Amino acid sequence: MSKSTRVTEKGQATIPKELREKYDLDPGDEVVWVDTDDGIVVKKRTRTDARGLLVPDETPKEKREAIGEELTQRVRDRRDRNYEET
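Residues numbered from 1 in each chain as written. Predicted model: local features only at pLDDT ≥ 70, side-chain atom pairs only at ≥ 80, totals over all residues. Heavy atoms only, no water.

Chemist: Help me out: how do you make sense of the overall build of the protein in this one?
Modeler: A count of helical and extended segments in the protein gives two helices and two strands. For the protein, the N- to C-terminal ordering of α and β elements is α-β-β-α. Within the protein, the fraction of its 86 residues that count as buried is 10%. Across the protein, contacts joining residues at least 24 apart in sequence account for 9% of those joining residues at least 6 apart. With the model as given, the accessible surface of the protein reaches about 7900 Å², and the carbon-plus-sulfur share is 48%. (Helix = DSSP H or I, 4+ residues; strand = E, 2+ residues; numbered from the N terminus. Buried < 20%, exposed > 50% of the residue type's maximum accessible area, 1.4 Å probe, protein only. Contact = heavy atoms within 4.5 Å. Areas by Shrake-Rupley, 256 points an atom, 1.4 Å probe, with all protein chains shown as cover.)

Chemist: How should I be thinking about the layout of surface pockets in this particular structure?
Modeler: If a probe as big as a water molecule is rolled over the atoms, it shows which places are left empty. Of the volumes computed, that of the largest pocket is approximately 450 Å³. Lining the largest pocket are 19 residues, with Ile15, Pro16, Leu19, Trp33 and Val42 sitting closest to its centre. When contributions to the lining of the largest pocket are tallied by element, the ones reaching two or more residues are strand S1 (31-36) and strand S2 (39-44). (1 Å grid on protein atoms, 1.4 Å probe; cavity = no way out; pocket = protein on both sides within 12 Å on 5 of 7 lines; lining within 4 Å. Points joined across faces, edges and corners; volume = space filled by probe spheres on them.)

Chemist: How do you make sense of the pattern of salt bridges when you look at a structure like this?
Modeler: Oppositely charged side chains can form a pair if their charged atoms are brought close together. For the structure on display, the rule yields eight salt bridges. We note a salt bridge from Asp24 to Lys44, for which the minimum N-O separation is 3.8 Å. Of this pair, Asp24 sits in the loop between helix H1 (17-22) and S1 while Lys44 sits in strand S2, and the two are 20 residues apart along the sequence. Residue class for Asp24 comes out partly exposed when judged on its relative accessible area of 48%. On the basis of relative accessible area, Lys44 is assigned to the partly exposed category, the value being 32%. (Salt bridge = Lys/Arg side-chain N within 4 Å of Asp/Glu carboxyl O.)

Chemist: Help me out: how do you make sense of the confidence of the model for the protein in this one?
Modeler: Low pLDDT marks regions whose predicted coordinates should not be analysed in detail. In this model, the protein carries a mean pLDDT of 84, and residues with pLDDT of at least 70 account for 87%. Confidence, read as mean pLDDT per element, is least for helix H2 (residues 61-85) in the protein (84) and greatest for H1 (94). (pLDDT = per-residue confidence, 0-100.)

Chemist: In this structure, what is going on with a nonpolar patch on the surface? I would like to understand it.
Modeler: Together, Trp33, Ile40 and Val42 line one region of the surface with nonpolar side chains, adding up to about 350 Å² of accessible area. Structurally, the position occupied by Trp33 is in strand S1. Of the residues examined, Trp33 reaches a relative accessible area of 56% and is grouped as exposed. (Patch = residues over 30% accessible without salt bridge, like charges linked within 9 Å, V, L, I, M, F, W, Y side chains within 5 Å.)

This is the structure:
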């Protein structure tokens, strides 16, 4: 599927309805803009709860979510520091 939209003066672009529905994008969802050799790729940012990554499966859901949130924040902080250095 190929759709086109215009970029506004503020740099905003509308994601076509068909694509929002197909990729389950709702208001408030975050997307990631990735610069590739072929152009820009837009992906829905997904969050994980660290299940099976660093904690045993029997770890309570609340604890997994807390660990996942902490890891997410650490990764974002590191990424932001890396962007500031360039």
